[in-house]
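Structural overview for review
Listed below, chain by chain, are the residues.
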Amino acid sequence: MKKRLKQLAVLIVLFWSWHAVWLYFNLDVGETPVLSDVIIVPEGGDGREDQAGRLLLDGYSLSDRIIVSPLYGENLNLLPHYQNAGVREDQIIAENEATSTYTNAVNTLSLMEENGWSSALVVTSDYHTRRTRMIYERVNRHYDFDLTYISAYVYTNEGEVITYLDTPGLRSAGRREIYKYYGYLFGLYHFLDLD
């Protein structure tokens, strides 16, 4: 019996290790943009404001609005970043209560309902799309909105795309994302405020 339990434990550890490696290389699950009522940006940087600005200027938001969650906070003012991306202040709906990806989802989907919108582009960093999609879809069970997840990339001065696998800083963000993903997978966002 003890031998079988040890074998089972080894198999579980091997599977979990394999899954973590697979997950690291498959964090980006971004989709192709489609015309939607609004654009949502669960903030955290890494090119999100630029991608959201491009999508807005290209006409992907039927309401001509972006929900930024959060736009302002303690030592945080992202408005200039959005303005530099071509977004006017009156095009932004600021949601400033969110403290994690989970509360981003809860608060922004509630704002969608309040405004009568039924579809959104959710723009986030490439390494963050898998966890964002997981938690938004969980919260979306209460609404049934049509959500499309868009990867925001960092670009070089020459306009070349940089993914999370291309630089040490973004690779580090990708590795941290694995821990957060598992925390969210098991619902720890109800007990911890994982960003």
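We now turn to the structure provided with this report. (Residues numbered from 1 in each chain as written. Predicted model: local features only at pLDDT ≥ 70, side-chain atom pairs only at ≥ 80, totals over all residues. Heavy atoms only, no water.)

A look at the pattern of salt bridges
- Applying the stated criterion across every chain yields a total of 3 salt bridges.
- Among the ionic pairs, Arg88 bridges to Asp64, the shortest N-O distance being 4.0 Å. One end of the pair, Arg88, is in the loop between helix 3 (79-84) and strand 5 (92-94); the other, Asp64, is in the loop between helix 2 (48-57) and strand 2 (66-69), with 24 residues separating them in the sequence.
- Classification of Asp64 by relative accessible area gives partly exposed; the value is 31%.
- When the shortest N-O distance is used, the salt bridge between Glu177 and Arg131 registers 2.5 Å. (Salt bridge = Lys/Arg side-chain N within 4 Å of Asp/Glu carboxyl O. Helix = DSSP H or I, 4+ residues; strand = E, 2+ residues; numbered from the N terminus. Buried < 20%, exposed > 50% of the residue type's maximum accessible area, 1.4 Å probe, protein only.)

Considering the pairing of strand 7 (residues 146-152)
- Counting buried residues in strand 7 gives 6 out of 7 residues, a clear majority hidden from the surface.
- Sheet topology places strand 6 (residues 119-125) next to strand 7; 7 bridges connect them, and they run parallel. Residue Ala120 lies in a different strand from strand 7, and its bridge partner there is Leu147.
- For the crossover from strand 6 across helix 5 (residues 129-140) to strand 7, the handedness is right-handed. (Pairing = 2+ DSSP bridges. Right-handed = clockwise from strand over helix to strand, strands pointing away.)

Thoughts on unusual backbone geometry
- Cis geometry is adopted by the peptide bond preceding Pro70, which originates at Ser69 and carries an omega value of -10°.
- With respect to the element layout, Pro70 can be found in the loop between strand 2 and strand 3 (72-73).
- The phi torsion at Asp64 lies on the positive side, around 60°, for a residue other than glycine.
- Here Asp144, not a glycine, exhibits a phi torsion of approximately 65°, which is positive.

Quick notes on the side chain of Glu49
- Mapped onto the elements of the fold, Glu49 is located in helix 2.
- Residues contacting Glu49, with those up to four places away along its chain left out, are Glu43, His81, Tyr82 and Ala85. (Contact = heavy atoms within 4.5 Å.)

Remarks on the packing of helix 1 (residues 2-25) against helix 6 (residues 168-185)
- At a minimum axis distance of 10 Å, the contact between helix 1 and helix 6 shows a crossing angle of 130°. What the angle tells us is that helix 1 and helix 6 run oblique. Handedness of the helix 1/helix 6 crossing: right-handed. Here helix 1 contributes Trp16, His19, Ala20, Leu23 and Tyr24 to the contact with helix 6, which in turn contributes Arg171, Gly174, Arg175, Ile178, Tyr181 and Tyr182.
- Among the residues forming the contact of helix 1 with helix 6, the class breakdown is 7 nonpolar, 2 polar and 2 charged. (Axes fitted to C-alpha atoms, helices over the stretch in contact; angles between N-to-C directions. Parallel < 35°, antiparallel > 145°, perpendicular 65-115°, else oblique. Left-handed = near helix turned anticlockwise from the far one by under 90°. Nonpolar A, V, L, I, M, F, W, Y, C, P; charged D, E, K, R; others polar.)

So, the nonpolar core
- Judged by nonpolar contacts, the single largest core of 32 residues is most densely connected at Val38, Ile40, Ile67, Leu109, Met112, Tyr136 and Leu147.
- At the level of elements, helix 1, strand 1 (38-42), helix 4 (101-115), strand 6, helix 5, strand 7 and helix 6 are the ones that each hand at least two residues to this core.
- Among the elements that make up this core, the one with the highest residue count is helix 6 (6 residues).
- When near neighbours in sequence (up to four residues on either side) are disregarded, Ile40 contacts Ile67, Thr108, Leu109, Met112, Ala120, Leu121, Val122, Val123 and Tyr136.
- Among the nonpolar cores identified, the runner-up in size contains 17 residues, and Ala52, Val68, Leu71 and Val87 belong to it. (Core = buried A, V, L, I, M, F, W, Y, C linked by side-chain atoms within 4.5 Å.)

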